[in-house]
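Structural features, examined
These are the residues of each chain, in order.
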Amino acid sequence: MITFDKVSKRYASGQDALAELSFEIGAGEVVFVTGHSGAGKSTLLKLIGLVERPTRGQIVVNHAQLANVRRRGIPQLRRHIGMVFQDHRLLTDRTVFDNVALPLIIAGTAREEIGKRVRAALDKVGLLAKEKASPVALSAGEQQRVGIARAIVGKPPVIIADEPTGNLDPQLSAEIMNLFAEFGAVGTTVLIASHDLHLIKRIGKRALVLDHGRLVDDYRPAPP
Amino acid sequence: MNTRRQAERNVRKPAPTPAPPAASANAEPRRSRLSLRARLAAWRDQHLFGFFSSLGRLAARPWATALTVLMLGFALALPLMFWLAFDNARQLSGGLREAREVTVFLKPALDSAAATDFAADLRKRDDVAAVSVRTPEQGLSEFRQLSGFGEALDILKDNPLPNVLVVTPRSVPDGDNPPLVAELKIDARADLVQYDATWRRRLSDILGFGERAVAVIAALLALATLLVIGNTVRMDIQARAEEIAVMQLIGASDGFVRRPFLYSGLWYGLLGGVLALAIVIGAEWAIAGPLDRLLASYDHRLALSGLGVVSALIVIGASSLLGWAGAFVATARHMAAGHPT
């Protein structure tokens, strides 16, 4: 579902963010990307969503060669990738419902279906009761769950999350991570950047370990 | 929307890649076979979304919106008033512009019979369409009517006016004096030959200059309108940069992001155009009284024309278009900045 082939990224500033990175992630896999800050976790996720372009190497996401996706094709690509951000990036002047509905409105989904699917997504993250609330009125954990609902409402085959638990306490973090693990179980590919090694160990999923832009370990837990 | 097909269209034919044909189960589009009707409905929904969200944004900041609209209204009203004034001047001069008669004042010694002979001579010429003779008596009564010096004329014992021939040449080319005029000037019977071409041309030039001046002023103020709207929309975009970034990250096309701003520009233009019309109509109303008195002194032989319904609609349409274009320019710059190279 996601393939990196000798991918390097050097920013215009001259900073080498990723070097000769190669890995493959299958459909339905839940994979963590970890490493110290500045190791290239965020850059890796940005390359998948075409927020940045690689300097060298090939990336295939959802069967699309990203090098061949032109500027006009980027929105279509992103509609098949659910993105979750550390600071959730909700629009504070709209209700929870409107925030979650945004990807569907953008994709041109029929109005009758939007309501159904938004409620299904909110139900999945346990926030069905808060659909009319403003995101500002929610707790940090709830805000992040709204962000996740927004990422999954379009049923994308790939979800990428950049430090989704960075602002949360350990218990909330575990809840959020378990939620992601559930998506993997229904066939969605999930890629989560996190520096919380303790938590990653507890979840017991595959983890790519980056150090200064290089892949130093591809940890796979023994099957239970 | 047929997401899968569109995704493929946007991707150049890939070189053989490790994309396995069997693994498409997850990528299978969920909305692949939408009917045309559903797509039209989605299109309509997206436009309604842009339409109302832009209106909501304007209404959310009534003072800022009012200021912008006021600025636009005045910028548009000015050229409109110039144009109205110019249009009226052109209409009033319309009759004069057509004048092409050659007026020949005969020597006072010539009597009416000689004048008639002269007229008959002229009628034989190929380049003369018509000749009419005005006797001194006719001239005097005409003068009495037009000048308002009736009583003063009564004091005169003799009629001081000569016979006058009004010669209408056949097709006068714009530009040089016809040879007829030159020949009349050297004719011994003619005292003074007055040909209106020179000042007719001058009037034409003045009107042409006015027309150009109005066009230049209108173009400059239209540019100002474009800039005002462009700048307003640009500030609007900056204030909503985060929202735009999020929308782009979750797959909004440039068109989707741009649409509400284009609608804002359209609204600004529309409201500015309506205000400009209101200003012009108000100004017309304000000068109507004195202008009426002025026209009355000319026995109402002059009639002024105001702004017609068609012109008003054109003004509103053009200002809306200007607003849309200003917003388009402002958004185009921002859109280009939001994507990787």
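Reading the values: the criteria
Residues numbered from 1 in each chain as written. Chains lettered and ligands numbered in written order. Predicted model: local features only at pLDDT ≥ 70, side-chain atom pairs only at ≥ 80, totals over all residues. Pairing = 2+ DSSP bridges. Helix = DSSP H or I, 4+ residues; strand = E, 2+ residues; numbered from the N terminus. Contact = placed C-beta atoms within 7 Å. Axes fitted to C-alpha atoms, helices over the stretch in contact; angles between N-to-C directions. Parallel < 35°, antiparallel > 145°, perpendicular 65-115°, else oblique. Left-handed = near helix turned anticlockwise from the far one by under 90°. Nonpolar A, V, L, I, M, F, W, Y, C, P; charged D, E, K, R; others polar. pLDDT = per-residue confidence, 0-100.

Moving on to the sheet that holds strand β2 (residues 16-25) of chain A. Residue and element names in this part refer to chain A. Here we have four strands laid out as an open sheet, ordered β2-β1-β4-β5, and antiparallel in their pairing. In the strand order of this sheet, the two ends are held by β2 and β5 (64-65), each with one partner. Those strands touched by helix α1 (residues 41-48) are β1 (2-10), β2 and β4 (56-61), and its axis lies near 120° from that of β1.

The next point concerns the packing of helix α2 (residues 36-60) of chain B against helix α10 (residues 254-296) of chain B. Residue and element names in this part refer to chain B. Between α2 and α10, the shortest axis-to-axis distance is 8 Å and the interhelical angle comes to 55°. Classed by the angle they form, the pair α2 and α10 counts as oblique. Of the two elements, α2 crosses α10, and the hand of that crossing is right-handed. Here Gln46, Gly50, Phe51, Ser53, Ser54, Leu55, Arg57 and Leu58 of α2 lie close against α10, whose contacting residues are Phe256, Arg259, Pro260, Tyr263, Ser264 and Trp267. Taken together, the residues of the contact of α2 with α10 sort by class into seven nonpolar, five polar and two charged.

Further remarks concern the pairing of strand β10 (residues 214-219) of chain A. Residue and element names in this part refer to chain A. For strand β9 (residues 206-211) and β10, the ladder comprises five bridges, and the chain directions are antiparallel. Bridge pairing in β10 links Ala207 to Tyr219. Connecting β9 to the antiparallel partner β10 that follows it, the hairpin turn spans two residues, and His212 within it adopts a positive phi of roughly 50°.

In this section: the confidence of the model for chain A. On average, chain A scores 91 in pLDDT, and the residues at 70 or more come to 99%. Here helix α7 (residues 197-203) of chain A stands out as the least confident element of chain A, with mean pLDDT 87; strand β8 (residues 189-193) of chain A is the most confident, with 95.

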